[in-house]
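# Survey of secondary and tertiary structure
One-letter residues, chain by chain:
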Amino acid sequence: GRNILGDNMLSYLSNHIDYLIIGRRLGAQSLGYYEMAFALPDMVRKNMAATLTRVLYPVYSRVQSHEATLKAGFFGVVEGISLVAFPLLAGLAVLAPQFVPLYFGPQWQAAITPVQLLAVAGMVRSVTIHMGTIIHARGRPDITMKMTAIRVPLLGVAVWTGTYWGIDGTAAAFTAFSYVWSA
């Protein structure tokens, strides 16, 4: 219980630290652009995560002592997510210059580059979203809590650094961090 609670609290901070820093360093308008830019690609990840977590946790728990089955299941899920998420997110990145002004209006032009960058981040984030599920199913929530405790300050530094170049720099820093962290 303690490790899961700790991980959930740290995950909340990890999921919002970019907003806190952008709001503080760049102001409300930039935060609004970034938040919208983040929300579009994150819809793909969140919708998959909600479904997958409910389904995969009991499955992974049942096969936790069968290493080969667990690995095959994990990589099968990664492949399945990739087949769905990658084309959707690549399409969003390519079509953002047309989609954002058409759907949200011309006043959201500043969000186009962040949408494109965060869609690329969404690709890696979509396939790594269920890693915590497999670790918890193996009875090791302490690992995810420790990883999140390391992630929060590193992500904070990356985002803080990115703010020197506005929301485009922040989105680039977040994207780079996502790929480095998942490597």
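Residues numbered from 1 in each chain as written. Predicted model: local features only at pLDDT ≥ 70, side-chain atom pairs only at ≥ 80, totals over all residues. Heavy atoms only, no water.

### So, the packing of aromatic side chains
Each aromatic ring pair is specified by the distance between its two centres and by the angle formed by the two planes. Counted according to the given criterion, the structure contains 11 aromatic pairs. When the ring of Tyr-34 is compared with that of Phe-38, the centres are 5.9 Å apart and the planes differ by 35 degrees; the resulting orientation is tilted. Here Tyr-34 and its partner Phe-38 are both found in helix α2 (residues 28-62), four residues apart, which amounts to about one turn of the helix. Given a relative accessible area of 0%, Tyr-34 falls into the buried group. For Phe-38, a relative accessible area of 7% translates into the label buried. Between Arg-25 and the ring centre of Trp-160, over which it is positioned, the NZ or CZ distance is 4.2 Å. The residue whose ring lies beneath Arg-25 is Tyr-164, and the NZ or CZ to ring-centre distance is 4.5 Å. (Phe/Tyr/Trp six-rings, centres within 6.5 Å; stacked < 30°, edge-to-face > 60°. Helix = DSSP H or I, 4+ residues; strand = E, 2+ residues; numbered from the N terminus. Buried < 20%, exposed > 50% of the residue type's maximum accessible area, 1.4 Å probe, protein only. Lys NZ or Arg CZ within 6 Å of the ring centre and 35° of its normal.)

### Observations concerning the packing of helix α4 (residues 112-128) against helix α7 (residues 166-182)
Where α4 contacts α7, the two axes come as close as 9 Å, and the packing angle between them is 15 degrees. In this view, α4 runs roughly parallel relative to α7, as classed from their interaxial angle. α7 is crossed by α4, and the crossing has left-handed handedness. Between α4 and α7, the residues in contact are Thr-113, Pro-114, Leu-117, Leu-118, Val-120, Ala-121, Met-123, Val-124, Arg-125 and Thr-128 and Ile-167, Asp-168, Ala-171, Ala-172, Phe-174, Thr-175, Ser-178, Tyr-179 and Ser-182, respectively. Residue classes in the contact of α4 with α7 are distributed as 12 nonpolar, five polar and two charged. (Axes fitted to C-alpha atoms, helices over the stretch in contact; angles between N-to-C directions. Parallel < 35°, antiparallel > 145°, perpendicular 65-115°, else oblique. Left-handed = near helix turned anticlockwise from the far one by under 90°. Contact = heavy atoms within 4.5 Å. Nonpolar A, V, L, I, M, F, W, Y, C, P; charged D, E, K, R; others polar.)

### Overview of the environment of Phe-104
In this structure, Phe-104 sits in helix α3 (residues 67-104). Phe-104 sits 27 residues away from Met-131 along the chain, and the two C-alpha atoms are 34 Å apart. Not counting the four nearest positions on each side in its chain, Phe-104 is found in contact with Met-36, Leu-40 and Phe-99.

### Points about the side chain of Arg-125
Looking at where Arg-125 falls in the secondary structure, it is placed in helix α4. Apart from residues lying up to four places away in sequence, Arg-125 is in contact with Asn-15, Phe-38, Asp-42, Arg-45, Phe-174 and Ser-178.

### Section: a nonpolar patch on the surface
On the surface, Val-94, Leu-95, Phe-99 and Tyr-103 cluster together into a nonpolar patch covering about 430 Å² of accessible area. Secondary-structure assignment places Leu-95 in helix α3. (Patch = residues over 30% accessible without salt bridge, like charges linked within 9 Å, V, L, I, M, F, W, Y side chains within 5 Å. Areas by Shrake-Rupley, 256 points an atom, 1.4 Å probe, with all protein chains shown as cover. Salt bridge = Lys/Arg side-chain N within 4 Å of Asp/Glu carboxyl O.)

### Considerations on the confidence of the model for the protein
Taken residue by residue, the protein gives an average pLDDT of 90. The fraction at 70 or more is 97%. Model confidence for the protein, summarised as mean pLDDT per element, is weakest for helix α5 (residues 131-137) at 77 and strongest for α7 at 96. (pLDDT = per-residue confidence, 0-100.)

### With respect to the packing of helix α6 (residues 141-162) against α7
Put simply, α6 and α7 touch, their axes get as near as 8 Å, and they point 150 degrees apart. Judged by the inter-axis angle, α6 sits roughly antiparallel to α7. Between α6 and α7 lies a crossing of right-handed hand. Across the interface between the two elements, Met-147, Ile-150, Arg-151, Leu-154, Leu-155, Ala-158, Val-159 and Gly-162 of α6 pack against Gly-166, Gly-169, Thr-170, Ala-173, Phe-174, Phe-177 and Trp-181 of α7. Split into classes, the residues belonging to the contact of α6 with α7 amount to 10 nonpolar, four polar and one charged.

### Some thoughts on the pattern of salt bridges
Taken as a whole, this structure holds six salt bridges when the rule is applied. Here Asp-42 ties to Arg-45 by a salt bridge, and the two come within 2.6 Å at their closest N and O atoms. A residue pair is termed a helical-turn pair when its members lie 3 or 4 positions apart in one helix, as Asp-42 and Arg-45 do in helix α2 at three residues. In this structure Asp-42 comes out as buried when scored by relative accessible area, which is 6%. Arg-140 serves as the salt-bridge partner of Asp-142, at 2.8 Å between the closest nitrogen and oxygen. Each of Asp-42, Arg-45, Lys-46 and Arg-125 takes part in one network of salt bridges that share partners.

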